[in-house]
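Spelled out, the chains give:
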Amino acid sequence: MSFNSNTLINRYRLRPSYFIAGIAVAVTLATAVFAELQNRAVHREAMRAAAGEQLGQVRAQLEGNINSNLQLVRGLVAVIANQPDIDQEQFSQIASQLIGDHSQLRNIAAAPDLVISLMYPLAGNEKAIGLDYRKNEQQRTAALQAVEAKRLVLAGPVNLLQGGRGFIGRFPVHTSEPDGSKKLWGLVSAVVDETRLYADSGLLDPDLPLDIAIAGKDADLNDSDAFFGGSGVFSSDPVITTISLPSGGWTIAAVPRGGWDLTPGNAWLVRGVVLFGGLLLVVPILGAGQLYDERQRYHREAKLQQEETERLSQRLRLALDTSKIGIWEYHLETGVLTWDRRMKELYDVPENTDPSGYNIWSDRLHPEDRERAEAEYWSAIHSNGVYHSEFRVMLQDGSLRWIRAIGAVHQNKQGQRYIVGVNWDVSKDVALKKHLLEANKSAELRNEELEAARAQMEHNALHDSLTGLPNRRFLDQRLMDADPTSGPTALLHIDLDRFKHINDTLGHAAGDAMLVHTASILKSTAQDGDFVARIGGDEFVFAVTRATDEMELSMIADQIITRLSEPVPYENHLCRFGGSVGIAMLDEDSASDRRNLLIDADIALYRAKSNGRSRYEFFSGSLKAEIVRTKRVADDILTGLEQNAFVPFFQPQFDAATLKVVGVEALARWRHPKDGLLAPDRFMKTADDLNVVPLIDRTILEQTLWSSLTWKLAGLDIPKVSVNVSAGRLADPDLFESLKGLSFTPGTLSFELLESIFLDEEDPMITSNLKRLQQMGIDIEIDDFGTGYASIVSLLHLRPARLKIDRQFIHPLLGSNEQQRLVASIIDIGKSFDIEVVAEGVETMDHARVLRDLGCDILQGYALGRPMPSDELIAYVKAESWKTAA
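The rules we used
- Residues numbered from 1 in each chain as written.
- Predicted model: local features only at pLDDT ≥ 70, side-chain atom pairs only at ≥ 80, totals over all residues.
- Heavy atoms only, no water.
- Helix = DSSP H or I, 4+ residues; strand = E, 2+ residues; numbered from the N terminus.
- Rg over C-alpha atoms; globule rule 2.2 N^0.38 Å.
- Buried < 20%, exposed > 50% of the residue type's maximum accessible area, 1.4 Å probe, protein only.
- Phe/Tyr/Trp six-rings, centres within 6.5 Å; stacked < 30°, edge-to-face > 60°.
- Core = buried A, V, L, I, M, F, W, Y, C linked by side-chain atoms within 4.5 Å.
- Contact = heavy atoms within 4.5 Å.
- Axes fitted to C-alpha atoms, helices over the stretch in contact; angles between N-to-C directions.
- Left-handed = near helix turned anticlockwise from the far one by under 90°.
- Nonpolar A, V, L, I, M, F, W, Y, C, P; charged D, E, K, R; others polar.
- Pairing = 2+ DSSP bridges.
- Patch = residues over 30% accessible without salt bridge, like charges linked within 9 Å, V, L, I, M, F, W, Y side chains within 5 Å.
- Areas by Shrake-Rupley, 256 points an atom, 1.4 Å probe, with all protein chains shown as cover.
- Salt bridge = Lys/Arg side-chain N within 4 Å of Asp/Glu carboxyl O.

Trainee: Lay out the overall build of the protein in plain terms, naming residues and giving numbers.
Mentor: Broken down by element type, the protein carries 27 helices and 30 strands. Radius of gyration (C-alpha) of the protein: 51 Å, far over the 29 Å computed for a compact globule of 886 residues. Oriented by its inertia axes, the alpha-carbon framework of the protein measures out at about 160 × 90 × 50 Å. Counting across all 886 residues of the protein, residues that qualify as buried make up 41%.

Trainee: Outline the packing of aromatic side chains, supporting the account with residue identities and numerical values.
Mentor: This structure, assessed with the given rule, holds 26 aromatic pairs. Relative to Phe-227, the ring of Phe-167 lies with its centre 6.0 Å away and its plane at 70 degrees, an arrangement referred to as edge-to-face. Placement of the pair is Phe-167 in strand E4 (residues 165-176) and Phe-227 in strand E7 (residues 226-228), with a sequence separation of 60 residues. Grouping residues by exposure puts Phe-167 and Phe-227 together as buried. On the basis of an interplanar angle of 85 degrees and a centroid distance of 5.7 Å, the ring pair of Trp-670 and Phe-683 is categorised as edge-to-face. Residue Trp-670 is found in strand E23 (residues 661-672), and its partner Phe-683 is found in the loop between strand E24 (676-678) and helix H17 (684-689); the two are separated by 13 residues along the sequence. By the burial criterion, Trp-670 is buried, and Phe-683 matches it.

Trainee: Give a detailed account of the nonpolar core, specifying residues and quantitative values.
Mentor: Phe-683, Trp-711, Phe-751, Leu-773, Leu-851 and Leu-859 are the most contacted members of the largest nonpolar core, which totals 72 residues. The element contributing the most residues to this core is helix H18 (residues 693-713), with six residues. What Leu-773 contacts, discounting residues up to four positions off in sequence, is Leu-730, Leu-735, Phe-736, Leu-739, Phe-751, Ile-778 and Ile-780. Of all hydrophobic cores here, the second largest spans 52 residues; its members include Leu-62, Ile-66, Leu-197 and Val-233.

Trainee: Before we move on, could you go through the side chain of Ser-362 and cite the residues and values that matter?
Mentor: Along the chain, Ser-362 turns up in helix H8 (residues 359-362). Beyond its immediate chain neighbours, meaning those up to four positions away, Ser-362 contacts Arg-370 and Glu-374.

Trainee: Mind laying out the packing of H18 against helix H26 (residues 870-879), listing which residues take part and the relevant values?
Mentor: For the pair H18 and H26, interaxial distance at closest approach is 10 Å and the crossing angle is 35 degrees. In the packing of H18 onto H26, the handedness of the crossing is right-handed. Contacts from Ser-707, Thr-710 and Trp-711 in H18 reach Ser-870, Leu-873 and Ile-874 in H26. Residue composition of the contact of H18 with H26, grouped by class: three nonpolar, three polar and no charged.

Trainee: An account of the sheet that holds strand E11 (residues 337-339) is needed here, citing residue identities and associated values.
Mentor: The strands making up a sheet are joined through hydrogen bonds of the backbone, oriented either antiparallel or parallel. Strand order in the open sheet made by the five strands is E11-E10-E14-E13-E12, with antiparallel pairing throughout. With one partner strand each, in any of the chains shown, E11 and strand E12 (386-394) form the two edges of the open sheet. Within this sheet the neighbouring strands show an average axis-to-axis angle of 25 degrees, counted without direction. For strand E10 (residues 326-331) and strand E14 (residues 417-425), the ladder comprises six bridges, and the chain directions are antiparallel. Considered in E14, the bridge of Gly-326 is made with Asn-423. In the packing of helix H9 (residues 367-383) onto the sheet, the strands contacted are E10, E12, strand E13 (400-411) and E14, and the crossing angle to E12 comes to about 160 degrees. Packing of helix H10 (residues 427-461) onto the sheet brings it into contact with E12, E13 and E14, and relative to E13 it is tilted by some 120 degrees.

Trainee: Provide a residue-level description of a nonpolar patch on the surface, including the pertinent values.
Mentor: Taken together, the side chains of Leu-275, Leu-279 and Val-283 make up a nonpolar region of the molecular surface, amounting to roughly 290 Å² of accessible area. Mapped onto the elements, Leu-275 comes out in helix H6 (residues 267-322).

Written out as structure tokens, the structure is:
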């Protein structure tokens, strides 16, 4: 049994308009409910996102403040580890620099043998002096936990003996024994004031739109009791995140003040829009329904009238239909031809003309069609078959009309035979057919043109428009889809040398001419089956598709390089350029995959260009292994930067006359996880290719400045620290932005040019940066003087504080008077410009004596001190063992 809307309407006598309107109202209500729910969901997500963003800012401030406080105390711990006999005066001097407006530290205490005897500030904290952690019930557990863990333990918030509340960070301090073992010295405790920490982190800001609670006392993430804020925050579906601490973390949660308001501000606007949309839907439907009902009534009345008029108009329609067709009859016994009015119109015969004769038809036939038309007519009569013909007739004005004729032979009851038929005008059909034939022919021609254009486009897509050579896409297809028996067996990757110079001086037209010339050389060199492709601006590939060997490929490469080096005339100029070639051959292991050929050839090309250009190099397994090693070193360098694996080693510098330490040079070292400690010659070239040398310079500089602070706290007086800096960093417009925030005393820091640069050319950015460095109190030193471009003009222009004589001049000094005169001349040049002269590479005390006698100011080398980490430098300078050796 079927059921539909019409059944429902008929059964309950419903008007269709009301039924449809009901459906529209139901749809509107459903839409309103859905829109309300969606609007509330979007509003809630927006509130949570805003609360999460605000909570993230508070978390970042709180985490940064607590960790920065603890980081400040770590420096004090390092000093005590190196100076375990520190007294109250020294302790107060160092601690006073850590407590102030820049931190939330309230006090710092030191407990040798776990008994507090050092305190800053002492005023107000006298009750804590003499406290024995091992006997104090409240603090013994946390103190022993820090000792056993051998790391920082953060406790709190706790009630303090001095009054108030705070967080206590306890640092175990170990000293080094002569046998290399570590001994517990005691504890350093730092109290972070709870109220100041909360205030500086924005938690007490009255304008903060959040209710915040923090749980995790003693940095225990498993502790769910809130020590800040109301515990009800955690049960109000809050936004939650974690604050990372050195010994654990806190859980911080937040909800908007006033709770989650689930009613969006635009609720009534959305409801109004939905209501208005519903009215726009329902009202037109009701109106259309009324019109539909009226139309149905009129339709029923009109249908009754239509049935009546249909019978009356049937004969009229028949007459109208046949008025386009002429009816004729030819009596075969009497030879009388009968035409109706329409036949006379078709043949342009006057109305008053008697058409009873056969010739009235035959005379109107086009001379070219008459014989055929009459033959078809009489053939049908003789065979008593069906007559069918199509012919042209001549009208009185000389125009032509195409007629289609159909007829059949009949015999009446009296036995008389006659043929009856119809004619109608098919001139438009014939013209349309002719047009279609011509259009079809035109379409075929067009298809041929399109196919030719497609072939040309395909050719253009696979070939270079300038040289006509195949392009990179063509080469890729040959490498990807090549038949193993006919694909390339070797590739020669050619890159033009000095091509950019021609483009820049003579213009791109000259460059294009050189590219066309190169293409002609390569094509003339190719043999049957080989092909040449242009795959880049000045890059070409010569593909060999037959069996070959290194000897033949070497001959091809030599021939190409030789012919490319020949001068090429162009508009009264002789253009000279060359080419470097990288060669890769298909071996048995890679015979099934030619896609790596171009990569291998490109690697070989890179080696050829780095070895001097205008030469060729073969790809080899060792070359690939070198590339892989370089890639591994590059990856390790990036990882090392992330893990702070680049550290400074310090080589002391000595006054040549007194052997007093007058400075140190910071040298970059890499603590590689597998290869151990690496010097710059193992990683600096790769770091330069990665463009991360400025990052290494930056981290070495920051660690060096921190170490200099440690030396001062340890009582060492090192007047100057030299840090290597690359020429690229000197040309960096953002150099001074990166130096902001670094703390140093003017005149104690020198930047040492790590590489020789073209100072004579007066790069405006370098010149500007050098002047600003000198204004900041940073001196400039020239390294490796005499080996690069640092000339006399450079000294006049730069005015460095020091210049360093390269070690290759120092090593042969003892056995050569000529070498001593050369070094003496360099020293004289420095003194004439009031520049201190440093000799590096001093390997023996004999070198030191000769350099002192020649007037050298400062000595640096293994004879006096090797590069060493900061803690070893402290012990080395205090011991002054070099003076005994001297």
